[in-house]
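# Structural overview for review
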Amino acid sequence: MAEATPFLMFQGGAGRAALDFYVETVPGSRIDTLELFGAEGPGPEGTILRAHAVIAGQKVMAHDSFIRHGFDFTPSWSFFLDVADAAEFETLFAALSAEGQVLMPPGAYGWSTRFGWCSDRFGISWQVNLA
């Protein structure tokens, strides 16, 4: 059976910093495997050829593209985080939105007592929900 895994393609060598940030910030996150480009390329040495990680329990793959693309991440794809308490909500939303962009400020929008949507400094979009 085929298996679908979200694939995060970073540009400009930002992949390792992004994965490290997610592991430090988001509970239930870790890097399982990390393959880096070597001196022989074709990508810049030390950037991610292929990484397998878990972000908040969700398996993902990551790659640092050495080809510059005219597109990047879009908020139409996001991680949706359900958090258990208000303190965790505030901590996560503040960390994920720092140096990024707040798309919907934290508030009560009718479907949740506390919800916020942001893009982090790497361009990944996060919806944080107080469950």
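The present account deals with the structure reproduced in this document.

The rules behind each value
- Residues numbered from 1 in each chain as written.
- Predicted model: local features only at pLDDT ≥ 70, side-chain atom pairs only at ≥ 80, totals over all residues.
- Heavy atoms only, no water.
- Phe/Tyr/Trp six-rings, centres within 6.5 Å; stacked < 30°, edge-to-face > 60°.
- Helix = DSSP H or I, 4+ residues; strand = E, 2+ residues; numbered from the N terminus.
- Buried < 20%, exposed > 50% of the residue type's maximum accessible area, 1.4 Å probe, protein only.
- Pairing = 2+ DSSP bridges.
- Arc of directions from axis to C-beta.
- Contact = heavy atoms within 4.5 Å.

### Concerning the packing of aromatic side chains
Following the criterion strictly, the structure yields 13 aromatic pairs and no others. Between the aromatic rings of Tyr22 and Phe122, the centroid separation amounts to 6.2 Å while the plane-to-plane angle is 80°, which identifies the pairing as edge-to-face. In this pair, Tyr22 sits in helix 1 (residues 15-25) while Phe122 sits in the loop between strand 7 (115-119) and strand 8 (125-130), placing the two residues 100 residues apart along the sequence. For the residue pair Tyr22 and Phe122, the accessibility class agrees, reading buried in each case. Their ring planes at 90° and their centres at 5.8 Å tell us that Phe37 and Phe66 sit as a pair that is edge-to-face. Here Phe37, found in the loop between strand 2 (30-36) and strand 3 (48-55), pairs with Phe66, found in the loop between strand 4 (58-65) and strand 5 (78-83); they are 29 residues apart in sequence, far enough to count as distant. According to the relative accessible area criterion, Phe66 is partly exposed, its value standing at 41%.

### Quick look at the pairing of strand 4
For strand 4, the tally of buried residues reaches six of eight residues, placing the bulk of the element in the interior. Summarising the sheet, strand 1 (residues 7-11) and strand 4 pair through five bridges and their orientation is parallel. In the sheet register, Gln11 faces strand 4, and the bridge partner there is Ser65. Relative to strand 4, strand 3 runs antiparallel, the two being bridged by five bridges. Bridge pairing in strand 4 links His52 to Met61.

### Details of helix 1
Taken residue by residue, helix 1 has Gly15, Ala18, Leu19, Phe21, Tyr22 and Thr25 as its buried positions. For helix 1, the buried positions fall inside an angular range of 160° around the axis, keeping them on one side. Elements in contact with the buried residues of helix 1: strand 1, strand 2, strand 3, strand 4, helix 2 (86-97) and strand 8.

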